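Observations on chain architecture
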Protein chains: 2
Amino acid sequence: MCGFEGFVPVDGLPIYLQIVRYVERGVVAGSIAHGDELPSRRTLSAQLGVNPNTVQKAYRMLEEEGLITSRSGAKSEVCAPPDLVAALRSKLLEQEITAFVRSLRQSGLEKEAALELIDRLWEQKEESV
Amino acid sequence: MCGFEGFVPVDGLPIYLQIVRYVERGVVAGSIAHGDELPSRRTLSAQLGVNPNTVQKAYRMLEEEGLITSRSGAKSEVCAPPDLVAALRSKLLEQEITAFVRSLRQSGLEKEAALELIDRLWEQKEESV
DNA sequence: CCAACTGTATTATAACAATAATACACTTTC
DNA sequence: GAAAGTGTATTATTGTTATAATACAGTTGG
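The structure reproduced in this document is the subject of the present report. (Residues numbered from 1 in each chain as written. Chains lettered and ligands numbered in written order. Predicted model: local features only at pLDDT ≥ 70, side-chain atom pairs only at ≥ 80, totals over all residues. Heavy atoms only, no water.)

1. Some remarks on the overall build of chain A
Per the secondary structure count, chain A includes 5 helices and 2 strands. N-terminal to C-terminal, the α/β element order of chain A is α-α-α-β-β-α-α. In terms of overall dimensions, chain A has a C-alpha envelope of 55 × 35 × 25 Å along the principal axes. When the accessible area of chain A is evaluated, it comes to approximately 7000 Å², of which 50% is carbon and sulfur surface. Averaged over its 15 positive side-chain charges, chain A has a centre that lies 7 Å from the centre of its 19 negative ones. (Helix = DSSP H or I, 4+ residues; strand = E, 2+ residues; numbered from the N terminus. Areas by Shrake-Rupley, 256 points an atom, 1.4 Å probe, with all protein chains shown as cover. Lys, Arg positive; Asp, Glu negative; His and termini not counted. Charge placed at Lys NZ, Arg CZ, Asp CG, Glu CD.)

2. Observations concerning the packing of aromatic side chains
Residues and elements named next belong to chain A. Per the stated rule, a full pass over the model turns up 7 aromatic pairs over all chains. Here the aromatic cluster, defined as three or more aromatic residues joined through ring pairs, consists of Phe4, Phe7 and Tyr22. Taking the ring centre of Tyr16 as reference, the NZ or CZ of Lys57 above it sits at 4.4 Å. (Phe/Tyr/Trp six-rings, centres within 6.5 Å; stacked < 30°, edge-to-face > 60°. Lys NZ or Arg CZ within 6 Å of the ring centre and 35° of its normal.)

3. Quick notes on helix 5 (residues 111–124) of chain A
Residues and elements named next belong to chain A. Taking 1.5 Å per residue, 14 residues should reach 20 Å; helix 5 reaches 20 Å between its end C-alpha atoms and fits that length. Every buried residue of helix 5 is accounted for by Lys111, Ala114, Leu115, Leu117, Ile118, Leu121 and Trp122. Looking down the long axis of helix 5, one finds its buried residues gathered within 160° of arc, a one-sided arrangement. Opposite the buried face of helix 5, at more than 90 degrees from it, the exposed residues are Glu112, Glu116, Arg120 and Gln124. (Expected span 1.5 Å × (residues − 1). Buried < 20%, exposed > 50% of the residue type's maximum accessible area, 1.4 Å probe, protein only. Arc of directions from axis to C-beta.)

4. Considering the protein's contact with DNA strand C
Every one of the 26 residues lining DNA strand C counts as a neighbour, but Asn51, Thr54, Lys57 and Arg71 of chain A together with Arg41 of chain B are closest to it. The sugar-phosphate backbone supplies 67% of the atoms of DNA strand C found within 4 Å of the protein. Between DNA strand C and the protein, one listed contact pairs a phosphate oxygen with a backbone N or O atom of Ile15 of chain A at 2.8 Å. At 2.9 Å, a side-chain N or O of Arg42 of chain B approaches a base oxygen of DNA strand C. Those elements that place two or more of their residues in the surface near DNA strand C are helix 1 (15–29) and helix 3 (52–64) of chain A together with helix 2 (41–48) and helix 3 (52–65) of chain B. (Near = heavy atom within 4 Å. Polar contact = N/O pair within 3.5 Å; in protein donor to acceptor, adjacent residues only side chain to side chain.)

5. A few points about the environment of Leu48 of chain B
Residue and element names in this part refer to chain B. Counting through the fold element by element, Leu48 comes out in helix 2. Taking the C-alpha atoms as reference points, Leu48 and Phe4, 44 residues apart in sequence, are found 8.8 Å from one another. Excluding its chain neighbours within four sequence positions, the residues that come into contact with Leu48 are Phe7 and Ile19. (Contact = heavy atoms within 4.5 Å.)

Any functional reading would require information that these geometric values do not contain.
Written out as structure tokens, the structure is:
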């Protein structure tokens with residue numbers, strides 16, 4: 001049913017974009033599947049402690065993206081055909097890794113040091129997700 | 001003199017925060033050193049194509065952070081004592097890598113696949129920075 | 001000295017993000 | 001059928017981001 005369990009709001013990025021990103025990542029990871037129901041606007045807004053309009057803005061964007069479908073009166077459903085998911089996965093990974101590599105390089109880190117850091121932090125955060 | 005050469009504006013994050021982040025990373029990387037002069041508010045705003053007030057907001061934040069000093073009439077200078085730089089380096093790396101690892105894990109990627117991707121993209125972006 | 005440049009401050013405006021309070025029509029469920 | 005829950009829409013308000021146009025006092029360099 002997609003309960004937004006691991007959702008961690010971070011400041012800097014607008015909340016509605018964080019909601020969009022959460023669903024996109026879930027679909028790419030497979031934890032959110034085609035046909036799954038999303039929580040209603042009101043339910044999720046209460047759960048996250050934000051305004052219903054903020055959730056609506058996120059769902060609106062997801063619908064324009066083709067990732068969810070909404071019919072008035074019923075809950076919104078995830079629409080995730082394989083080709084869309086594949087394209088989304090490539091897009092997200094490319095974006096994130098590119099930005100990350102650029103930032104680490106700008107911080108003066110060598111590749112080997114970066115890989116080692118990630119290797120260690122990966123284990124460290126293993127349970128906290 | 002710190003010319004903001006590799007500055008790449010990204011949408012999502014406010015510009016003034018991107019300017020702050022750029023200086024912070026430069027100091028951590030050593031490409032911006034103690035005593036270096038920053039471009040004036042007006043010069044940098046023209047160079048980046050943004051409003052002088054936006055640059056001022058960034059410089060203000062950097063000054064409150066203790067990373068630059070400003071005296072009215074003269075150019076602002078970088079103030080980067082070793083202990084401040086070390087603390088900043090730890091803070092930035094911890095923040096970025098933690099967020100990155102969480103996002104990749106949320107996207108369903110395994111550690112080995114992630115490390116391999118980064119290893120490959122690192123070489124690929126080697127010249128573009 | 002003095003012109004040019006510098007930091008700083010002020011006021012106004014526009015766009016966006018987020019909240020708040022409704023209202024209406026549709027679907028689900030008992 | 002009716003109540004509860006749902007998507008959708010509207011209007012208003014607040015705060016932040018960014019721009020624009022100034023103004024003033026201090027520093028620098030010829």
